[in-house]
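Coordinate analysis (summary)
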Amino acid sequence: MSKAKIIVILGQTATGKSGLAVKIAKKVKGEIISADSRQVYTGLDIGTGKIIKKEMKGIPHHLLDVVKPKNKFTVAEYKRLGDSKIQEILKRGNIPIICGGTGFYIDALTKGVVFPEVPPNIKLRKILEKKSLEELLKILTKLDKVRAENIDTKNKVRLIRAIEIAKILGKVPKITEVLPQYTFIKIGLYLPSDILKKKIEKRVKEMFNTKNHGGLLNEIKKLKKSRVNSKRLKELGFEYYNPTIEKVVLESIQYAKRQMTWFKRDKEIKWFSLDKKENYKKIEKYILNKI
RNA sequence: GCGUCGGUGGUAGAGUGGUCAAAUACAACAGACUGUAAAUCUGUCGGCCUUAGGCCUACGAAGGUUCGAAUCCUUCCCGACGCA
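Throughout this description, residue numbers start from 1 for each chain and increase along the sequence as written. As they are written, the chains are lettered A onward and the ligands numbered 1 onward, keeping that order. A pLDDT threshold of at least 70 governs which residues receive local features in this predicted model, and a stricter bar of 80 or more applies before side-chain atom pairs are shown or counted, although totals over entire chains, interfaces and linings include all residues.

What to know about the overall build of chain A
Going by this rule: Note on conventions: DSSP H or I runs of at least 4 residues are helices, E runs of at least 2 residues are strands, and numbering of each starts at the N terminus. Values of the radius of gyration come from C-alpha atoms, whereas the globule rule sets the reference at 2.2 Å times the count of residues to the power 0.38. Between the buried cut of 20 or more and the exposed cut of 12 or fewer other C-beta atoms within 10 Å of a residue's own C-beta lies the partly exposed class, and all C-beta atoms are placed from the backbone.
Tallying secondary structure elements over chain A gives 13 helices and eight strands in all. Expected size for 291 residues packed as a compact globule is a radius of gyration near 19 Å; at 20 Å, chain A falls within 12% of this value. With respect to the three principal axes, the spread of C-alpha positions in chain A is 60 × 55 × 35 Å. Expressed as a percentage of its 291 residues, the buried residues of chain A come to 33%.

Here it is in structure tokens:
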């Protein structure tokens, strides 16, 4: 039996992924699984550029609004949920379309990555956070010399997580990748950088427009009211921490670059530019051919 | 017009005779990524030479003092403030 096929649509922010995904879904009887690390949260709508009901055009969208922003969501959870969504969709005889810009999440779902079964330990993290990089490295070296040697020794977040894992499992297991059970058709969307910048600018301005459900600032107000503190807001991304139009535009552009460094490594991605309308047809054809 | 303070790399801003191609921050460029991933972290960042290193051009402009100047002196240009 041949493997089930799954479409993946990825790309930098503001390249038009969501729109394309809906179009493709209509053609192939698809259902969309979002791969966005922040759109999983309720209440983060404007700042994350979450698709609105009208734009969905009746296509089912999954993994949007699955947790409250006060709770932390993680890749491992994403993988679990994503895998089960894929199964459900396939069972219905439809085609799953993974669509989003969070490379880490996409890889978790498409590369058969197996994460160590160690949930975050908030208490331990609090203690470790107070320690210096040197101290943390020392602790990790004691627990797992191998991981200590190849870890980024200046990255506190990583050091803490490594210790967290090693404390439970004795060491940090080597990352294992099992052969994926599906065939992924990966479509990457890109735009020439000047056009991308313009689109980002336009999008950010729209975010701040108060006619847009009160705008981003109102969204932040609501989040604060629901007792999301400012440290958490910062974690949720730059749009949510003292934003100004200029700042958000700049940081979006920087973010887009970071996204690209991630995607560049994946040689399975077939890239398309969306700067011309007729390219939609090209992509459609490419996908229909593969399915 | 007189007086005071100031003019530093893409920007902001330290440096006030040698250790200065010049702290730091930002931007830019490249990259990493084992449960925070729009997060977190790293490298490069005047030009040229293949790295060690070397050479050249640079701290408003032109001169000067000095073995040596972003730093001191003179004049000029520009800016801010004060007095007229």
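What about the protein's contact with RNA strand B?
Put simply, the rule is: Placing a C-beta atom from the backbone of each residue, we mark the residue near a molecule or strand if the atom is within 6 Å of it. Three classes are used, and their members are as follows: Ala, Val, Leu, Ile, Met, Phe, Trp, Tyr, Cys and Pro are nonpolar, Asp, Glu, Lys and Arg are charged, and the others, Gly among them, are polar.
Around RNA strand B sit 46 residues in total, of which S37, A76, F104, F115 and G237 are the nearest. For the surface near RNA strand B, the secondary structure elements donating two or more residues are α3 (75-91), α8 (156-169) and α12 (245-264). Residue contributions to the surface near RNA strand B peak at eight residues, all from α12. Its residues assigned to classes, the surface near RNA strand B shows 18 nonpolar, eleven polar and 17 charged.

Digging into the packing of helix α1 (residues 17-28) against helix α13 (residues 279-290)
Formally: Only the stretch in contact is used when a helix axis is fitted, and all axes are lines through C-alpha atoms; the angle between N-to-C directions ranges over 0 to 180 degrees. For classification purposes, an angle smaller than 35 degrees is called roughly parallel, one larger than 145 roughly antiparallel, one from 65 to 115 roughly perpendicular, and anything else oblique. Note: crossing handedness is left-handed where the near helix turns anticlockwise from the far helix by less than a right angle, and right-handed where it turns clockwise. Placing a C-beta atom from the backbone of each residue, one calls two residues in contact when those atoms lie within 7 Å.
Two numbers describe how α1 lies on α13: the axes approach to 11 Å, and their chain directions differ by 45°. In terms of orientation, α1 and α13 fall into the oblique class. Remark: the crossing between α1 and α13 carries right-handed chirality. For the pair α1 and α13, the contacting residues are L20, K23, I24 and K27 in the first and Y280, I283, E284, I287 and L288 in the second. Taken together, the residues of the contact of α1 with α13 sort by class into six nonpolar, no polar and three charged.

Describing the packing of helix α6 (residues 133-143) against α8
In the contact formed by α6 and α8, the axes pass within 10 Å of each other and the chain directions differ by 30°. Here α6 lies roughly parallel to α8, going by the angle between them. Relative to α8, α6 is oriented so that their crossing is left-handed. Touching L133, L136, L137, I139, L140 and L143 of α6 are K156, L159, I160, A162, I163, A166 and K167, all from α8. A per-class count over the contact of α6 with α8 returns eleven nonpolar, no polar and two charged.

A look at the sheet that holds strand β4 (residues 95-100)
In a beta sheet, neighbouring strands pair by backbone hydrogen bonds and run either parallel or antiparallel. Note the cut-off: A pair of strands is treated as paired once DSSP finds two or more bridges between them.
Strand order in this open sheet of six strands is β3-β2-β4-β1-β7-β8, and the pairing throughout is parallel. This sheet does not close on itself; its edge strands, each paired only once, are β3 (61-62) and β8 (270-273). Pairing analysis gives eight bridges linking strand β1 (residues 4-11) to strand β7 (residues 182-190), with the strands arranged parallel. When the bridges of β7 are listed, I9 appears paired with I187.

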